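# Descriptive structure summary
Chain by chain, the residues:
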Amino acid sequence: MIILDEAHKIKNIDGGIWASSVLSLAKLSGVKSRVVLTGTPVPNGYEDIYNLYEFIWPNKDIINFNPFQLREMSTKQFDPRVEQLIESIAPFFIRIKKKDLGLPPVNNTDPIIVKMGSTQREIYDFIENKYLGFFEETQDERTSISKNLLKARFIRLMQAATNPNLLRKPLENYLKEEGIENELFIDDSEIIDKIFRYKELEAVPKKFETVKNLVTSLLKKNEKVIIWATFIQNIIELQQYLTQFGITSELLYGDVPTDTDEIPEHVFTREKIIRKFHDPNSSFKVIIANPFAVAESISLHKACHNAIYLERTFNAANFIQSKDRIHRVGLAPNVITNYYYIISENSIDETIHRRLIEKEARMLELIESQEIPLISENMNYDIDLIDDLKAIIRDYVRRTAKV
């Protein structure tokens, strides 16, 4: 028997080392049975399940559709072939919904609203006002250039809402996964000066202070904490800031190595950090992590029941996966899982919080209601992006109308 865990990682039907290597294992002569496991029940398209069934039964056509047809079905809502696809694969899977697990309830605490420092407020307002015209013009556009610029400017607002220091660096490192290479420059010399002197004018972002106070209160109760942050620079700067107050932490993000034969024994890998975190006598009780890098591959629920969100994006899938790191099978019935959301007042943070509540409810309803939730309303990300944009504009108008 071969068991393939995290099976969604072989969904690439256009080749790829992982997919081709794993599929070759399924065809070994001594293999009599195969099982795939995945905790990601809503793939990006029907084609994402193709390799899973190629692995399960490599010499039999279970799906009865080729990858091209599956891609086509993913773009057509209510495609009549979908019902035939579901009937074909239904005998070959077992679905366990989250509501079947009997997990204890969670405590989504009220957002902790943080008032920005005066310099940060000025920087944020300038950027938001500067971008608003572009946002309004882009509402009905569908070109790749406008979408990419839109995502980039969302990111700039997110950075300004948490830590203006991030505005000093170009976006390339963060945007590699999005395929965007735009650099946005602010042409107001006075604001540029305040961005580059931000640490001098305001020693630390107010969000950092709020997180430090919350972590301190949890540590006094001898509890462990995971802090989720979007931007790597914030992860590093927050660790440095907490260290000043005697709060020891470890980091989990893309650059932290994983266990391999080539890694020296003294190097702290992700796996070593997680094992140490579970140790009751661990030298650290705080992990600062990036949801893009580790949101789906770690389990911390036996050691940690508190998650603090320094910042978030509009990506609901990453958000839900990060929450599940501390709320999963194995929790005692009396364990309370707490989520804390740090939000800058009158900023994009508030819009993201509301949109994530809406998206999470919609996604969970889909996942829990359908026996095979293959695709979420055809996962129309373009419409979702425009809805996010309209929410930003609506909140901006609401805020400025009060002034």
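See the structure printed just above.
Now for a quick tour of the structure. From a predicted model like this one, the values you see are computed outputs, not experimental measurements.

## Some details on the overall build of the protein chain
- In terms of helices and strands, the protein chain carries 16 helices and nine strands.
- Split into buried and exposed, the 403 residues of the protein chain put 50% on the buried side.
- Carbon and sulfur atoms provide 52% of the accessible area of the protein chain, an area that totals close to 20,600 Å².

## Notes on the packing of aromatic side chains
- For the coordinates displayed, the defined rule picks out 11 aromatic pairs.
- These aromatic residues form a ring-pair network of at least three members: Tyr131, Phe134, Phe135, Phe154 and Phe314.

## Notes on the pairing of strand S9 (residues 337-344)
- Taking burial as the measure, the eight residues of S9 include eight buried ones, the bulk of the element.
- Residue alternation in S9 divides its side chains into two sets, Thr337, Tyr339, Tyr341 and Ile343 and Asn338, Tyr340, Ile342 and Ser344, and both sets are buried.
- Pairing between strand S3 (residues 106-108) and S9: three bridges, direction parallel. Following the sheet pairing, asparagine 107 is matched in S9 by asparagine 338.
- As paired elements, strand S4 (residues 112-114) and S9 share three bridges and run parallel to each other.

## Re unusual backbone geometry
- The phi dihedral of asparagine 222 falls on the positive side, at around 65 degrees, and the residue is not glycine.
- Looking at where asparagine 222 falls in the secondary structure, it is placed in the loop between helix H10 (206-220) and strand S5 (225-228).
- Residue asparagine 222 is classed as exposed on the basis of its relative accessible area, which comes to 55%.
- With a phi angle near 50 degrees, asparagine 346 is a residue other than glycine that sits in the positive phi range.

## Looking at the packing of helix H14 (residues 316-323) against helix H15 (residues 348-369)
- Two numbers describe how H14 lies on H15: the axes approach to 9 Å, and their chain directions differ by 75 degrees. Comparing the axis directions of H14 and H15 gives the class roughly perpendicular. Contacts between H14 and H15 involve Ala316, Ala317, Phe319, Ile320 and Lys323 from the former and Leu356, Lys359, Glu360, Met363 and Leu364 from the latter.
- Across the contact of H14 with H15, the residue classes tally to seven nonpolar, no polar and three charged.

## Some points on a nonpolar patch on the surface
- Taken together, the side chains of Met1, Ile3, Val35 and Leu37 make up a nonpolar region of the molecular surface, amounting to roughly 380 Å² of accessible area.
- Secondary-structure assignment places valine 35 in strand S2 (residues 34-36).
- What makes valine 35 partly exposed here is its relative accessible area of 30%.

## Re the side chain of glutamine 120
- If you trace the backbone, glutamine 120 turns up in helix H5 (residues 118-138).
- One polar contact links the side chain of glutamine 120 to the main-chain carbonyl oxygen of alanine 161, over a distance of 3.0 Å.
- Here glutamine 120 is in contact with Ala160, Ala161, Thr162, Asn163, Pro164, Tyr198, Glu202, Lys206 and Ser344, once residues within four sequence places are set aside.

## Brief notes about the pattern of salt bridges
- Under the counting rule described, the total for this entry stands at 23 salt bridges.
- The closest approach of N and O atoms between aspartate 388 and lysine 359, which form a salt bridge, is 3.0 Å. Taken together, the residues aspartate 388 in helix H16 (residues 381-401) and lysine 359 in helix H15 connect sequence positions 29 residues apart. This pair shows no difference in class: aspartate 388 is buried, exactly as lysine 359 is.
- Aspartate 384 is the partner of arginine 362 in a salt bridge, and the nearest nitrogen-oxygen pair spans 3.6 Å. One end of the pair, arginine 362, is in helix H15; the other, aspartate 384, is in helix H16, and 22 residues separate them in sequence.

How each quantity is defined
Residues numbered from 1 in each chain as written. Predicted model: local features only at pLDDT ≥ 70, side-chain atom pairs only at ≥ 80, totals over all residues. Heavy atoms only, no water. Helix = DSSP H or I, 4+ residues; strand = E, 2+ residues; numbered from the N terminus. Buried < 20%, exposed > 50% of the residue type's maximum accessible area, 1.4 Å probe, protein only. Areas by Shrake-Rupley, 256 points an atom, 1.4 Å probe, with all protein chains shown as cover. Phe/Tyr/Trp six-rings, centres within 6.5 Å; stacked < 30°, edge-to-face > 60°. Pairing = 2+ DSSP bridges. Axes fitted to C-alpha atoms, helices over the stretch in contact; angles between N-to-C directions. Parallel < 35°, antiparallel > 145°, perpendicular 65-115°, else oblique. Contact = heavy atoms within 4.5 Å. Nonpolar A, V, L, I, M, F, W, Y, C, P; charged D, E, K, R; others polar. Patch = residues over 30% accessible without salt bridge, like charges linked within 9 Å, V, L, I, M, F, W, Y side chains within 5 Å. Salt bridge = Lys/Arg side-chain N within 4 Å of Asp/Glu carboxyl O. Polar contact = N/O pair within 3.5 Å; in protein donor to acceptor, adjacent residues only side chain to side chain.

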